[in-house]
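# Structural characterization, general
Each chain is listed here by its residues.
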Amino acid sequence: MAVTGGGTGVGIASLINGTCDVATASREMKSKEMELAAKQGVYPKEFVVAHDGVAVIVNQGQPD
């Protein structure tokens, strides 16, 4: 088994072209990606396992 990285687009492309069975992504698949997958006989199932959170922290010493 091999594990590689490259981002959401690489993972989805690998899933579509059959070079992986499981891909991670930070977004839902686009409709065009779903169409490409279906043309390849791949019907992905998406599972949300977490949501990102963003916190903006600023030094108190910064001027307004």
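Everything discussed here concerns the structure shown above.
Just so we're clear, the structure is a prediction, and the values are computed from it rather than from any experiment.

## Structural notes on the layout of surface pockets
It is a probe the size of a water molecule, rolled over the atoms, that shows where empty space is left. Looking at the largest pocket, its volume works out to about 630 Å³. Considering the residues around the largest pocket, the lining is formed by 20 residues, among which Ala25, Arg27, Glu46, Phe47 and Val48 are closest to the centre. A class-by-class count of the residues in the lining of the largest pocket yields eleven nonpolar, three polar and six charged. Taken as a whole, the second largest pocket encloses approximately 340 Å³ of empty space. What lines the second largest pocket is a set of 17 residues, among which Thr4, Gly5, Gly11, Cys20 and Val22 lie closest to the centre. Grouping the constituent residues of the lining of the second largest pocket by class yields eight nonpolar, nine polar and no charged.

## A few points about helix H1 (residues 8-17)
Residues of H1 that are buried: Thr8, Gly11, Ile12, Ser14, Leu15 and Ile16. Residue glycine 18 follows H1 closely and has a positive phi angle near 85 degrees.

Analysis parameters
Residues numbered from 1 in each chain as written. Predicted model: local features only at pLDDT ≥ 70, side-chain atom pairs only at ≥ 80, totals over all residues. Heavy atoms only, no water. 1 Å grid on protein atoms, 1.4 Å probe; cavity = no way out; pocket = protein on both sides within 12 Å on 5 of 7 lines; lining within 4 Å. Points joined across faces, edges and corners; volume = space filled by probe spheres on them. Nonpolar A, V, L, I, M, F, W, Y, C, P; charged D, E, K, R; others polar. Buried < 20%, exposed > 50% of the residue type's maximum accessible area, 1.4 Å probe, protein only. Helix = DSSP H or I, 4+ residues; strand = E, 2+ residues; numbered from the N terminus.

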